[in-house]
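# Examination of the molecular architecture
The chain contents come next:
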Amino acid sequence: MEPKVINQTLCKAAHSGQWKYGQHACFYQKQGSGNNWAYGYSVHGPRHEESIMNLIQKEVEKCDSLSGFFIIMSMAGGTGSGLGAFLTQNLHEQYPHSLKMNQIIWPYETGEVIVQNYNSVLTLSHLYRSSDALLVHENDAAHKICAKLMNIKQISFSNLNQVLAHQLGSVFQPTYAAEGSFHYRRNPLGRDLMESLVPHPEFKMLGIRNIPQMSENSLVYSTFTWAGLLKHLRQMLISNAKMEEGIDWQVRPPLAGIPPLGKMCPNKELQFNTSIANLLVLRGKGVQSADVEGFKDPALYTSWLDPVHAFHVWKTQRAFNKYEMSAALVSNSQFLVKPLDRIVGKAWNMFASKAYIHQYTKYGIEEEDFLDSFTLLEQVVTSYRNL
């Protein structure tokens, strides 16, 4: 269970002089899960449950007011996905009144491990039962940002992590509690974020878009306006673009009574990205002058939720990272319909052939568990598709 990685993380943080992890707040073992979700969930989970939950309880006891848990985990392997799902389930049972958000890393579509689709289906289905929100980061999207926006030639895990950390920081760094207020939000993870973005338990998938994102060399020659940034970010939302390069400007919101572009085309491709809820986070100079009316357009949202309740904005004049102006958009929308449908389809094709099933059944995950997972996720896909 990743002793080398954890030790490297501890040492790197200590050497930075900016952050230090508690030596007694870590848990690791030499034995991994061999990319087998069932081993992480059914073996490592029960075996180490008491030790890990005791560590968590010690951290909880240090809190004056516990708002919730932010769980960072992978989806394709065995330990992060299997053990992560097991621990999320335990947190759900032991802390039923605290919100749980899982930040999950969506695997490369080309494949990282042969059984990644099985592991992903089992992870997502179990998290859907025990988590309040799933904040999804796609490896393919982060990779494209590194290559096309950051101009990185040899992309490393560190480069990918920097992109993901920037996206998370752009949302969770402090912002003011209300328009004109100079008091910071005390609970951004709880009521302010999840209760705004997840109005129904059937819809828990959240994604982040950022603008701008560029290399240091490009930044020197760039200027920004709020009007320009928000115009691009809005089009990224409705066309389901992960970055500002390659936006499809032909996609438009539907007119009243007319299906949105792409919903009725012969090949049934989903083009217009319907939202349930959006949170816009603005940081930088002149932020109070930013016009966000374009994100309040009822045409962007599903018909069963009033845009007054579907859109929220956070602001602060403090710049973030290296950008004098920046915007982040956290969305609950149809952005994952295609990737989720593909993963479920690939996993089902393997399951229908009984490929590798024995590796899961020998650790207690039966064929019925797979069928339950397929049923749940197919319902999620259908629900999002019918927004």
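Nothing here was measured: the structure is a model prediction, and the numbers come from that model. Each chain has its residues counted from 1, following the order in which its sequence is written. The model is predicted, so local features are restricted to residues of pLDDT at least 70 and side-chain atom pairs to those at 80 or more, both for listing and for counting; the totals for chains, interfaces and linings are taken over all residues. Excluding hydrogens and water, the side-chain values take into account all heavy atoms of the structure.

### A closer look at the overall build of the chain
For clarity, the threshold we go by: Numbering goes from the N terminus for both helices and strands, where a helix is a DSSP run of H or I of at least four residues and a strand is a run of E of at least two. We compute the radius of gyration from the C-alpha atoms alone; for a globule the expected value is 2.2 Å times N to the 0.38, where N is the number of residues. Partly exposed describes any residue whose relative accessible area lies between the buried limit of under 20% and the exposed limit of over 50%, with all areas from a 1.4 Å probe on protein chains only and scaled to the type maximum. Residue contacts are counted whenever heavy atoms from the two residues lie within 4.5 Å of one another.
On a plain count of helices and strands, the chain comes out with 13 helices and seven strands. The C-alpha atoms of the chain give a radius of gyration of 21 Å, which matches the 21 Å a tight globule of 387 residues would have. Considering the chain as a whole, with its 387 residues, one finds that 50% of them fall into the buried category. Within the chain, counting contacts between residues at least 6 apart in sequence, those at least 24 apart form 79% of the total.

### Section: the packing of helix α4 (residues 116–130) against helix α11 (residues 337–352)
A packed helix pair is summarised by two numbers, namely the angle formed by the two axes and the spacing between the axes. Heads up, the condition is: To obtain each axis, a line is fitted to C-alpha atoms, and for helices this fit is confined to the stretch in contact; angles are then taken between N-to-C directions over 0 to 180 degrees. Left-handed describes a crossing whose near helix is turned anticlockwise from the far helix by less than a right angle; the clockwise case is right-handed.
It is the contact of α4 with α11, at a shortest axis distance of 8 Å, that shows an interaxial angle of 120°. When you trace α4 past α11, the crossing you get is left-handed. Across the interface between the two elements, Asn 117, Tyr 118, Ser 120, Val 121 and Leu 124 of α4 pack against Leu 340, Ile 343, Val 344, Lys 346, Ala 347, Met 350 and Phe 351 of α11.

### Concerning the sheet that holds strand β5 (residues 275–284)
The following threshold applies: When DSSP locates at least two bridges between a pair of strands, those strands are taken to pair.
One open sheet accounts for seven strands, arranged β1-β2-β3-β4-β7-β5-β6; its pairing is mixed. What marks the edges here is a single partner per strand, and that holds for β1 (68–74) and β6 (311–316). Adjacent strand axes in the sheet meet at a mean angle of 20° when their direction is disregarded. The sheet strands contacting helix α5 (residues 139–149) are β2 (99–106) and β3 (133–138), and the helix crosses β3 at an angle near 45°.

### Quick word on the packing of aromatic side chains
The test is simple: Aromatic pairing here means that ring centres of Phe, Tyr or Trp (its six-membered ring) are within 6.5 Å. Orientation follows from the plane angle: under 30 degrees is stacked, over 60 is edge-to-face, and everything else is tilted. Each ring is checked for a lysine NZ or an arginine CZ that lies within 6 Å of its centre and within 35 degrees of its normal; such an atom marks a charge sitting over the ring.
Summed over all chains, the structure comprises 16 aromatic pairs. With a centroid separation of 5.6 Å and an interplanar angle of 85°, the aromatic rings of Tyr 118 and Tyr 360 are classed as edge-to-face. Here the residue Tyr 118 occupies a position in helix α4, and Tyr 360 occupies one in helix α12 (residues 358–361), the gap between them amounting to 242 residues. Members of the aromatic cluster, joined through ring pairs, are Tyr 118, Trp 348, Phe 351, Tyr 360, Phe 370 and Phe 374. Above the ring of Tyr 128, the side-chain terminus of Lys 204 is found at 5.4 Å from the ring centroid. The aromatic ring of Phe 351 is capped on one face by Lys 354, whose charged end is 5.2 Å from the ring centroid.

### Some remarks on the packing of α4 against helix α13 (residues 367–385)
Note the following rule: Orientation categories follow fixed angle ranges, with anything under 35 degrees roughly parallel, anything over 145 roughly antiparallel, 65 to 115 roughly perpendicular, and all other angles oblique. Charged residues are taken to be Asp, Glu, Lys and Arg, nonpolar residues to be Ala, Val, Leu, Ile, Met, Phe, Trp, Tyr, Cys and Pro, and polar residues to be all remaining types, Gly included.
Their axes nearest at 9 Å, the elements α4 and α13 cross at an angle of 75°. Classed by the angle they form, the pair α4 and α13 counts as roughly perpendicular. Residues Tyr 118, Val 121, Leu 122, Leu 124, Ser 125, His 126, Tyr 128 and Arg 129 of α4 lie in contact with α13, whose contacting residues are Phe 370, Asp 372, Ser 373, Phe 374, Leu 376, Leu 377, Val 380 and Tyr 384. Its residues assigned to classes, the contact of α4 with α13 comprises eleven nonpolar, three polar and two charged.

### Concerning the pattern of salt bridges
Spelled out, the test is: We count a salt bridge whenever a side-chain nitrogen from Lys or Arg sits within 4 Å of a carboxyl oxygen from Asp or Glu.
The tally for this structure, following the rule as stated, stands at eight salt bridges. The partner of Arg 342 in a salt bridge is Glu 109, and the shortest N-O contact between them spans 3.3 Å. Of this pair, Arg 342 sits in helix α11 while Glu 109 sits in the loop between β2 and α4, and the two are 233 residues apart along the sequence. A relative accessible area of 42% places Glu 109 in the partly exposed class. Arg 385 is paired through a salt bridge with Asp 341; the nearest N and O atoms lie 3.3 Å apart. Residue Arg 385 is found in helix α13, and its partner Asp 341 is found in helix α11; the two are separated by 44 residues along the sequence. Residue classification places Arg 385 among the partly exposed positions, given a relative accessible area of 38%.

### Side note on the state of the cysteines
Let me state the cut-off plainly: Cysteine sulfur atoms that pair up within 2.5 Å are treated as a disulfide.
In this structure the tally under the stated criterion is zero disulfides. Of all cysteine sulfurs, the one in Cys 26 lies closest to Cys 11, which takes part in no disulfide; the gap is 11 Å.

### Quick notes on the confidence of the model for the chain
Predicted coordinates in areas of low pLDDT are best not read in detail. The following threshold applies: Known as pLDDT, the predictor's per-residue confidence is scaled from 0 to 100.
Summing up the model confidence of the chain, the mean pLDDT is 90 and the portion of residues at 70 or higher is 93%. Segment residues 263–269: pLDDT under 50, and nine contacts once partners within four positions in sequence are set aside and those in other chains are kept.

### Brief notes about the pairing of strand β7 (residues 325–333)
Burial analysis of β7 places nine of its nine residues in the buried class, which makes it a mostly covered element. With burial as the criterion, each face of β7 is covered, one bearing Met 325, Ala 327, Leu 329, Ser 331 and Ser 333 and the other bearing Ser 326, Ala 328, Val 330 and Asn 332. Where strand β4 (residues 205–211) and β7 come together, five bridges link them in antiparallel fashion. Bridged to Arg 209 within β7 is Leu 329. The pairing of β5 with β7 spans nine bridges and is antiparallel. Considered in β7, the bridge of Ser 275 is made with Ser 333.

### Details of unusual backbone geometry
Note that the residue after Ile 211, namely Pro 212, is joined by a cis bond; omega there is -5°. Within the fold, Pro 212 resides in the loop between β4 and α8 (216–220). Of note, the phi angle at Asn 151 is positive, near 55°, even though the residue is not glycine. Among the structural elements, Asn 151 can be located in the loop between α5 and α6 (157–172).

### Let's talk about the environment of Val 136
Relative to the assigned elements, Val 136 resides in strand β3. Sequence-wise, Val 136 and Ala 327 are 191 residues apart; in three dimensions their C-alpha atoms are separated by 18 Å. Excluding residues that lie within four positions of it along the chain, Val 136 makes contacts with Ile 104, Trp 106, Met 205, Leu 206, Gly 207, Phe 335 and Leu 336.

### Structural notes on the environment of Gly 32
Note on placement: Gly 32 falls in the loop between α1 (3–16) and α2 (37–61). A C-alpha to C-alpha distance of 6.6 Å links Gly 32 and Thr 79, two positions 47 residues apart in sequence.

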